[in-house]
Amino acid sequence: MTTIRLPGAGGELRAYTPRSEPLALATGAPFTSRTVFSAAHVVADPYADVSPDSPAAVDWDATLAFRRHLWSHGLGVAEAMDTAQRGMGLDWAGAAELIRRSAAEAKAVGGRIACGVGTDQLTGGSLEEIRKAYEEQLALVEESGAQAILMASRALAAAASGPEDYLEVYGHLLRQSSEPVILHWLGPTFDPALEGYWGSSDLDAATDVFLQVIAAHPDKVDGIKVSLLDAGREIDIRRRLPQGVRCYTGDDFNYPELIAGDEQGFSHALLGIFDPLGPLAAEAVRVLDTGDVKGFRELLDPTVELSRHLFQTPTRFYKTGVVFLAWLAGHQEHFAMVGGLQSARSLPHFARAYELADGLGLFPNPELAETRMRTMLSLYGVAQ
């Protein structure tokens, strides 16, 4: 068996023996016990002559092919979200095109899709301008036939003077939405510009405002996505939701226990880590569909180490590891990202991501993944 020398955090090289066979994971039907979305990444066009400051150049064929891969395993696609580099390389014009194309593809293949609605046309602005920006995006998503996910707004975080501004803006949007939406609370760990969202840096006070928004419009809220990396707080929020409003975990550190649930309820899922974990996560949920919680945890618990690695501080750069693994897995032919974000993580970080993902059997072709990992090491000057 061959070995590959991988660099550690201290600069040392260690020998690793790659796995010879992937985990056998088949495609399958939609789930029955949980609603599960994978927040999907975008594939950059590596031949475009652009800079990190240029509008995103997207390889649409590869981007849509990856969504078909997720749909084939029964997963829903959460489109134009943080994982797709919204606000970190993908501007609103690019996101709008992504939404149009992905929604049409979902309709063609029968896939489930929900799309992010934000205010990234703006860098600032008044509350009225922020409402109009949200309205423009909401209209596009609804016209596309996709479900809307109302994302947190950097502009609103900067402009709001207190909780009443959030209650007013979100109330306005929910009253005019044609179908129930998903509300997304993205914490400052993922985006520092969202500090103090819902009008307070005190998470207890912010939670109360968040729940006020939902309680005032329960018929317009399909569910909430909580991305605070705090399992206890998510469980508390989940238990306080109105009847019929779902909790979609966005906790990439604690998702197995939150999805499995307890005697008082469970979380559905809308997760960035389910981009690289897609087939394995789908298999785990199908096991859970049979009522086998232990089998579900046995499949999904071992993936947490990889997820915590990809989402380590600074968490907002987790997308780099996600796309790196997509390249190793053969879902795209290059490791380039919109906005040049492929440079956001270190070589030891990539090496550990490869080792953990390979150990889980995530690569459909382990030999290809090893070859590409060796190419990466060679580019960084690591002799084998």
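Participant: How would you summarise helix α2 (residues 92–109) if you had to cite specific residues and measurements?
Facilitator: Between its first and last C-alpha atoms α2 spans 25 Å; for 18 residues at 1.5 Å apiece the expected length is 26 Å, and the two agree. Three or more residues of α2 are buried, namely W92, G94, A95, A96, L98, I99, S102, A103, E105 and A106. After α2 finishes, the residue G110 shows a positive phi value of roughly 80 degrees.

Participant: Any details on the environment of Y170? Residues and values, ideally.
Facilitator: As for its position among the elements, Y170 is in helix α5 (residues 163–176). Under the relative-accessibility criterion, Y170 is labelled buried at 1%. Residues Y170 and L150, spaced 20 residues apart in sequence, show a C-alpha to C-alpha distance of 8.7 Å. Ignoring any residue separated from it by four or fewer positions in sequence, one finds Y170 in contact with Y134, L150, M151, A152, L156, L183, Y197, W198 and V213. Within polar-contact distance, the side chain of Y170 engages the side chain of Y134 at 3.4 Å.

Participant: Go over the sheet that holds strand β9 (residues 246–249) with me, naming the residues and quoting the values.
Facilitator: Spatially, β3-β4-β5-β6-β7-β8-β9-β10 is the arrangement adopted by the 8 strands of the closed barrel, whose pairing is parallel. Along the sheet, successive strands turn relative to each other by an average axial angle of 25 degrees, direction set aside. Seen against the sheet, helix α6 (residues 203–216) touches β7 (181–186) and β8 (221–227) and runs at an angle of roughly 170 degrees to β7.

Participant: Talk me through the layout of surface pockets; I want residue IDs and the actual numbers.
Facilitator: A volume near 590 Å³ is recorded for the largest pocket. Within the residue set of the lining of the largest pocket, elements represented by two or more residues are α4 (154–159) and β7. Ranked by residues supplied to the lining of the largest pocket, first place goes to α4 with 3 residues. Classifying every residue of the lining of the largest pocket gives 14 nonpolar, 8 polar and 8 charged.

Cut-off values and rules
Residues numbered from 1 in each chain as written. Predicted model: local features only at pLDDT ≥ 70, side-chain atom pairs only at ≥ 80, totals over all residues. Heavy atoms only, no water. Helix = DSSP H or I, 4+ residues; strand = E, 2+ residues; numbered from the N terminus. Expected span 1.5 Å × (residues − 1). Buried < 20%, exposed > 50% of the residue type's maximum accessible area, 1.4 Å probe, protein only. Contact = heavy atoms within 4.5 Å. Polar contact = N/O pair within 3.5 Å; in protein donor to acceptor, adjacent residues only side chain to side chain. Pairing = 2+ DSSP bridges. Axes fitted to C-alpha atoms, helices over the stretch in contact; angles between N-to-C directions. 1 Å grid on protein atoms, 1.4 Å probe; cavity = no way out; pocket = protein on both sides within 12 Å on 5 of 7 lines; lining within 4 Å. Points joined across faces, edges and corners; volume = space filled by probe spheres on them. Nonpolar A, V, L, I, M, F, W, Y, C, P; charged D, E, K, R; others polar.

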